[in-house]
Amino acid sequence: MTDSSIWWRIAWRNLWRNRRRTAITASALAFGFFVSVFMIGVADGIVDSMVEDGTRIVTGQIQVHDPGYRPERSLHSTLGGRDGVDVSAFLDRIGEVGGVTGAAPRVYGGGLLSSGEETVAAGFMGVDPLLEPGVSGILAAVTEGRAPRPGAREVAIGSEMARKLGVGAGAELVLVVPAADGSMGNDLYTVSGVFRTGLPGLDAFQAVVPIDVFQDLLALEPNRIHEIGIDLRSASAARDVATEMEVVLSSLGVEVAVEPWTVFRRELYEYVSMASAANSIIVFIVFAMAIFGVANTMLMATYERRREFAVVRALGGTPGSVARTVVFEGIVLGVVSLIAGALITAPVMMWVHAHPIDLSGFTDEIRAAGSVMRPLIQVAYSVKGPLISSVALLLTSLFAALYPAFRAVRVPPADALAGR
Amino acid sequence: MNRTVVRTEDLWKVYPQEPKPVEAVRGVSLEIQAGEFVAMAGPSGSGKTTVLNLLGGLTRPTRGRIWIGEDEITALSDRELARLRLESIGFVFQAFNLLPVLTALENAEFTLLLRGVPAEERHRRVRELFALIGLDGLEDRKPGKLSGGQQQRVAVARAVIGEPALVLADEPTANLDTATGAALLEVMERLNHENGVTFLFSTHDPRVMERAHRLIHLVDGSVESDVAQGVRGGVGHDR
Ligand SMILES: Nc1ncnc2c1ncn2[C@@H]1O[C@H](COP(=O)(O)OP(=O)(O)O)[C@@H](O)[C@H]1O
Ligand SMILES: [Mg+2]
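What you are looking at is a predicted structure, and each value in this text was computed from that prediction instead of being measured.

Conventions and cut-offs
Residues numbered from 1 in each chain as written. Chains lettered and ligands numbered in written order. Predicted model: local features only at pLDDT ≥ 70, side-chain atom pairs only at ≥ 80, totals over all residues. Heavy atoms only, no water. Helix = DSSP H or I, 4+ residues; strand = E, 2+ residues; numbered from the N terminus. Rg over C-alpha atoms; globule rule 2.2 N^0.38 Å. Buried < 20%, exposed > 50% of the residue type's maximum accessible area, 1.4 Å probe, protein only. Contact = heavy atoms within 4.5 Å. Areas by Shrake-Rupley, 256 points an atom, 1.4 Å probe, with all protein chains shown as cover. Lys, Arg positive; Asp, Glu negative; His and termini not counted. Charge placed at Lys NZ, Arg CZ, Asp CG, Glu CD. Buried area = accessible area lost by both parts, 1.4 Å probe. Salt bridge = Lys/Arg side-chain N within 4 Å of Asp/Glu carboxyl O. Polar contact = N/O pair within 3.5 Å; in protein donor to acceptor, adjacent residues only side chain to side chain. Pairing = 2+ DSSP bridges. Core = buried A, V, L, I, M, F, W, Y, C linked by side-chain atoms within 4.5 Å. Axes fitted to C-alpha atoms, helices over the stretch in contact; angles between N-to-C directions. 1 Å grid on protein atoms, 1.4 Å probe; cavity = no way out; pocket = protein on both sides within 12 Å on 5 of 7 lines; lining within 4 Å. Points joined across faces, edges and corners; volume = space filled by probe spheres on them. pLDDT = per-residue confidence, 0-100. Expected span 1.5 Å × (residues − 1). Arc of directions from axis to C-beta. Patch = residues over 30% accessible without salt bridge, like charges linked within 9 Å, V, L, I, M, F, W, Y side chains within 5 Å.

K.L.:
Mind showing me how you'd approach the overall build of chain B here?
P.N.:
A count of helices and strands for chain B gives eight helices and 11 strands. Relative to the globule expectation of 18 Å for 239 residues, the C-alpha radius of gyration of chain B, 17 Å, shows essentially globular dimensions. Dimensions of chain B, computed from C-alpha atoms along their principal axes, come out at roughly 50 × 40 × 40 Å. Per-residue burial for chain B yields a buried fraction of 54% across its 239 residues. Sequence-distant contacts in chain B: of pairs separated by 6 or more residues, those separated by 24 or more amount to 67%. Counting every atom, chain B has about 10,300 Å² of accessible surface; 46% of that belongs to carbon and sulfur.

K.L.:
Help me understand the overall build of chain A in this model?
P.N.:
The secondary structure content of chain A amounts to 13 helices and 14 strands. Taken over the C-alpha trace, chain A has a radius of gyration of 31 Å; the compact-globule value for 420 residues is 22 Å, which it surpasses by more than 25%. Based on the C-alpha atoms only, the size of chain A along its principal axes is roughly 105 × 50 × 30 Å. Considering chain A as a whole, with its 420 residues, one finds that 52% of them fall into the buried category. When contacts within chain A are restricted to residue pairs at least 6 apart in sequence, those whose partners lie at least 24 apart make up 78%. Distance between charge centroids for chain A: 21 Å, based on 34 positive and 41 negative side chains.

K.L.:
I'm lost on the interface of chain A and chain B in this one. Help?
P.N.:
Much of the literature gives interface size as the accessible area that the parts lose upon coming together. Contacts between chain A and chain B engage 24 residues on the former and 28 residues on the latter. Across the chain A to chain B interface the summed buried area is about 2,300 Å²; carbon plus sulfur atoms make up 67%. A per-residue breakdown of the area chain A buries against chain B is headed by R13, A314 and L315 of chain A, which together make up 26% of the total. Counting the contacts that link chain A with chain B gives one salt bridge. Between E106 of chain B and R13 of chain A there is a salt bridge, with its nearest N and O atoms 2.7 Å apart. Remark: the boundary between chain A and chain B carries five residue pairs in polar contact (both at pLDDT 80 or more).

K.L.:
Before we go on, may I ask you to explain the pairing of strand β3 (residues 119–127) of chain A in this structure?
P.N.:
For a regular strand, side chains alternate in direction, first toward one face of the sheet and then toward the other. All names here are of chain A. Note that strand β2 (residues 100–114) and β3 share nine bridges and pair antiparallel. Among the inter-strand pairings, G111 is bridged to a residue of β3, identified as A122. Here β2 folds back onto β3 in antiparallel fashion, the turn holding four residues, of which G116 has a positive phi close to 110°. With five bridges joining them, β3 and strand β8 (residues 206–210) adopt parallel strand pairing. Paired with G123 across the bridge in β8 is Q206.

K.L.:
What should I look at first to understand the pattern of salt bridges in this one?
P.N.:
Side-chain pairs of opposite charge can arise where the charged atoms are in close proximity. Under the counting rule described, the total for this entry stands at 34 salt bridges over all chains. R266 of chain A is paired through a salt bridge with E270 of chain A; the nearest N and O atoms lie 3.3 Å apart. Here E270 of chain A and R266 of chain A lie together in helix α9 (residues 266–304), a separation of four residues that amounts to about one turn. Classification of R266 of chain A by relative accessible area gives partly exposed; the value is 43%. A salt bridge links E9 of chain B to R65 of chain B; its shortest N-O distance comes to 3.9 Å. Of this pair, E9 of chain B sits in strand β1 (residues 4–15) while R65 of chain B sits in strand β5 (residues 63–68); the two residues are 56 residues apart in sequence, bridging distant segments of the chain. One continuous salt-bridge network, built from bridges that share partners, spans R7, E9, R65 and E72 of chain B.

K.L.:
Quick question: what am I supposed to make of the nonpolar core here?
P.N.:
Where a protein is soluble and globular, its nonpolar side chains tend to be buried together. Grouped together as the largest cluster of nonpolar side chains are 86 residues, with contacts concentrated most on W7 of chain A together with V6, F110, L168 and L200 of chain B. Among the elements that line this core, the one with the most residues is helix α11 (residues 319–354) of chain A, at 11 residues. The contact partners of V6 of chain B, leaving out residues within four places of it in the chain, are L30, E31, I32, L55, I66, W67, I68 and L166 of chain B. Core analysis: the next-biggest nonpolar cluster, separate from the first, contains 60 residues, V64, V87, L173 and V177 of chain A among them.

K.L.:
Would you take a moment to explain the sheet that holds strand β4 (residues 37–41) of chain B for this structure?
P.N.:
One key point about sheets: their strands pair by backbone hydrogen bonds, in either a parallel or an antiparallel sense. All names here are of chain B. Pairing within the open sheet is mixed, and its six strands lie in the order β7-β8-β9-β4-β10-β11. A strand with exactly one partner marks an edge of an open sheet, and here the two such strands are β7 (89–92) and β11 (222–228). Within this sheet the neighbouring strands show an average axis-to-axis angle of 15°, counted without direction. Where helix α6 (residues 148–160) meets the sheet, it contacts β7, β8 (166–170) and β9 (199–203), and its direction lies at approximately 170° from that of β7.

K.L.:
Whenever I open this one, empty space enclosed by the protein confuses me. Can you help?
P.N.:
Empty space among the atoms becomes apparent when a probe as large as a water molecule is rolled across them. All names here are of chain A. What the rule picks out here adds up to three cavities of 30 Å³ or more. Taken as a whole, the largest cavity holds about 140 Å³ of empty space. Lining the largest cavity are 15 residues, with I10, N14, E308, V312 and T325 positioned closest to its centre. Elements represented by at least two residues in the lining of the largest cavity include exactly α1 (5–15), α10 (306–314) and α11.

K.L.:
Before we go on, may I ask you to explain the confidence of the model for chain B in this structure?
P.N.:
In regions of low pLDDT, the predicted coordinates are not meant to be interpreted in detail. All names here are of chain B. Mean pLDDT over chain B stands at 92; residues scoring 70 or higher make up 96%. pLDDT under 50 marks residues 232–239. Its contacts with residues more than four places away, or in other chains, come to 17 contacts. Scored as a complex, the prediction yields pTM 0.79 and ipTM 0.93.

K.L.:
Honestly, helix α5 (residues 119–132) of chain B in this entry has me stumped. Any pointers?
P.N.:
Because each turn of an α-helix spans 3.6 residues, side chains separated by three or four positions end up pointing in the same direction. Residues and elements named next belong to chain B. In a regular helix each residue adds 1.5 Å, so 14 residues correspond to 20 Å; α5 covers 20 Å between its end C-alpha atoms and thus fits that length. If you check which residues of α5 are buried, you get R122, R125, V126, L129 and F130. Each buried residue of α5 sits inside an arc of 135° when the element is viewed along its axis, so together they form one side. In this structure, the buried residues of α5 make contact with α3 (104–108), α4 (110–115), α6 and α7 (178–195). Positive backbone phi, at 75°, marks G134, one or two positions downstream of α5.

K.L.:
Please explain the side chain of E171 of chain B as it appears in this structure.
P.N.:
Residue and element names in this part refer to chain B. Tracing the chain through its elements places E171 in the loop between β8 and α7. Here E171 falls in the buried class, since its relative accessible area comes to 10%. A polar contact of 3.3 Å, which involves the side chain of E171, links it to the side chain of H204. Setting aside chain neighbours within four positions, we find E171 in contact with K48, Q94, S202, T203 and H204.

K.L.:
Would you explain the environment of D358 of chain A in this entry?
P.N.:
Along the polypeptide, D358 of chain A turns up in strand β11 (residues 357–358). Separated by 83 residues in the primary sequence, D358 of chain A and A275 of chain A place their C-alpha atoms 21 Å from one another.

K.L.:
So what exactly am I meant to see when it comes to a nonpolar patch on the surface here?
P.N.:
Residue and element names in this part refer to chain A. Together, V383, L387, V391, L395, F399 and L402 give the surface a local cluster of nonpolar side chains, amounting to about 570 Å² of exposed area. Note on placement: F399 falls in helix α12 (residues 384–409). Look at F399 and you get partly exposed, because its relative accessible area is 47%.

This is the structure in C-alpha cells:
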C-alpha cells in the first residue's frame with residue numbers, strides 16, 4: 001500500500017470507540033507487564049543475593065588451583081607442585097585481569113581441635129588476614145573477639161563449634177593436623193574470635209588460622225599454597241573472567257586450573273539456572289491469563305463491527321484487508337498497554353530498588369543451595385526482565401487479535417449487510 | 001455507447017431452508033448497457049437485494065451465469081471477486097453504512113485507498129466530486145455529524161469515486177424523507193448524465209421508479225416486466 005499510516009490511524013480510532021473496554025483491557029495488559037517485570041526483578045534479586053552471599057561468605061567467585069587439586073584436595077597438590085610458585089607474582093597477575101576486585105592465597109588442612117574435655121573434627125583454612133577480607137566475608141563474620149593476626153598462633157572458630165567445645169574468645173585449644181612431611185603437626189592456639197555465617201557447615205566445622213603459621217605447622221614452604229580465592233565486581237561475569245585469567249596465568253609457565261563459581265559451586269549454579277527458567281514460567285503464566293481476556297474483548301469488538309467488515313468487503317476490500325484492520329488494532333492496543341505498563345512499572349521498580357521490603361519481622365533467614373538468603377524483597381535491574389516482558393506483551397496482543405481477525409474474515413458479507 | 005456492463009443468464013438463487021427451500025431468485029436473465037439508469041422495482045421479499053448481491057459477487061448463484069463486462073464472475077474466487085468489486089462495481093446501501101471512524105472524505109476515498117492511489121490524487125478527486133454533489137465543506141465531518149441525506153451522498157460518492165462500470169444501489173432512498181430522497185436521486189441522475197455512471201438501483205417507491213429510464217419489475221424472484229421509460233433522453237432498452 002502506498003500509505004499504510006492510514007490503516008494505523010483507523011486501528012487507533014477503532015481502539016477508542018469503546019473507551020471503557022479498551023481502558024480495562026489495556027490496564028490488564030499493563031498490570032501483567034508490571035507483574036512480569038516486578039517478579040523477574042524479585043527473582044533476579046534473590047538469585048543475585050544468593051550468588052553474592054553464596055560466593056562471598058567463603059569461596060570467592062573464581063578459584064585457582066593446581067590442576068590435580070580437585071576433587072581429592074590433597075595436601076600435596078599445591079600450586080606449582082613441590083617447588084611452589086611466587087605467590088605475589090601470581091596475585092599481581094590476577095589483579096591485572098579486568099573485573100577482579102580482590103585475590104587471596106589459601107592453605108587447607110583437616111584435623112582436630114581440642115579444648116581439654118571436648119575434641120571436634122575441623123577443617124582448617126589458612127588465610128592471609130590482610131588479603132582475605134578483599135575476597136570473602138569469613139573474617140568479617142567474626143561476631144565475638146577478632147580475626148587472627150598474621151604470624152600469631154591464633155584461630156577463629158565457628159559459633160557452633162565454639163558451643164560444642166564450650167569455649168569462647170581467649171580460650172586455648174590444641175590443634176592437631178597431619179603434615180605434608182608425614183609427621184603430625186600439633187600446637188597450642190588461642191581463640192581470637194568466633195564467627196557466625198549462618199551456614200551450618202561452616203559454623204560447625206570451619207576454623208580459620210593465619211596462613212604463615214599454618215604452613216609452618218603443615219611443613220609447607222611459604223610459596224606452597226592450595227588455592228587463590230578471587231572476588232569479582234560482578235558474579236555473573238565469572239565465566240568470562242576465568243577464561244581470560246587462564247590465558248594471563250599461562251604466561252607464568254605454571255599449569256593451573258582456573259574455575260569460576262559455576263563450576264565449584266555447581267549446586268548453586270543449578271539452582272540459579274532453575275530460578276531463571278522459573279522467570280520464563282512467570283512470564284508465560286501472566287500473559288497466558290491475559291491473552292484470553294484480550295482475545296475475548298477483541299472478539300466482542302469485532303462481532304459488533306460485523307456489518308462494517310461486510311461493507312469493506314462489498315467495496316472491494318480483500319479478506320486480508322479485513323484481517324489487517326483487526327490485527328493492527330491488536331498491535332496498537334499492545335503498544336498503548338506497553339506504554340501504560342512502563343509508566344506504572346518504572347517508578348515502582350525504582351522505589352523498591354531503593355527501599356528493599358524488609359520481611360525479617362515475619363521470617364528468619366532462608367537457606368537454600370548452600371547459601372543464605374536475607375529476608376528482604378529487593379529487585380534487581382536488568383535489561384532482560386523488561387525486554388522479555390515487552391516482547392511477551394506485544395506477542396500476547398498480536399496473538400489475541402489473530403482469532404478475532406480470523407472470525408472477521410469469515411463474516412459472510414451479504415448476511416451481515418442484511419443484519420442476519 | 002452500446003457496451004454491455006452486466007449480463008445474466010437464467011440466474012437462480014435458492015436458500016436451503018426448513019421446511020421448504022426459499023427460491024429468492026428464479027431464472028433472471030437481463031442485460032444492462034453502459035450509461036443506463038435502471039430501477040428494479042418490486043415488493044419486499046421479491047428478490048431485489050439478492051439480485052444486487054449476486055451481480056456484485058457478494059452472493060454466489062445456485063444456478064446460472066453472470067458477466068461483468070467481458071468477465072464471467074461465477075467461477076471467480078473470493079479474492080478475485082474482491083478485486084472485481086474494487087475495480088468495476090460501486091455499492092450503495094439502504095442504511096448508508098459509512099464507516100463511523102472515518103471522516104466524510106476518508107469514507108469517500110476508501111476504495112481509492114484500497115487501490116493504493118496516492119493521497120494527493122485521492123483528495124483532489126473527492127473534493128471535485130463533493131463540489132459536484134453538494135458536499136463541499138463537509139470533508140472532515142464524521143458520519144455521526146452528518147444528516148441522513150448527507151450520509152447517503154457520501155455513500156454515493158464512495159460508490160462512484162473509483163469510476164466503476166456499474167453502481168448497485170439497494171433502496172438508496174428508503175431511509176430518507178421524500179424531499180431528501182428526491183434530492184439524492186437528482187444527484188444520481190446528474191452523475192449518470194454528466195459522468196456517464198451506470199446505475200442499477202432497487203426501490204419500492206413509485207416516485208423513485210418514475211425517475212428511472214428503464215424499469216424492471218421483479219415479482220417472486222422473476223422479471224415480470226422490463227420497460228424503457230422515455231424521460232430526459234435516457235438510453236431506452238426494450239425486451
Ligand atoms: N440468507 C438468506 N437465507 C434465507 N432466506 C433468504 C436469505 N436472503 C434472502 N432470503 C429470502 O429470499 C427472499 C428475497 O429476499 P430479498 O432479496 O431480500 O428481497 P427484497 O430485497 O426484494 O426484499 C425473501 O423471501 C427472503 O426472506
Ligand atoms: Mg431488500
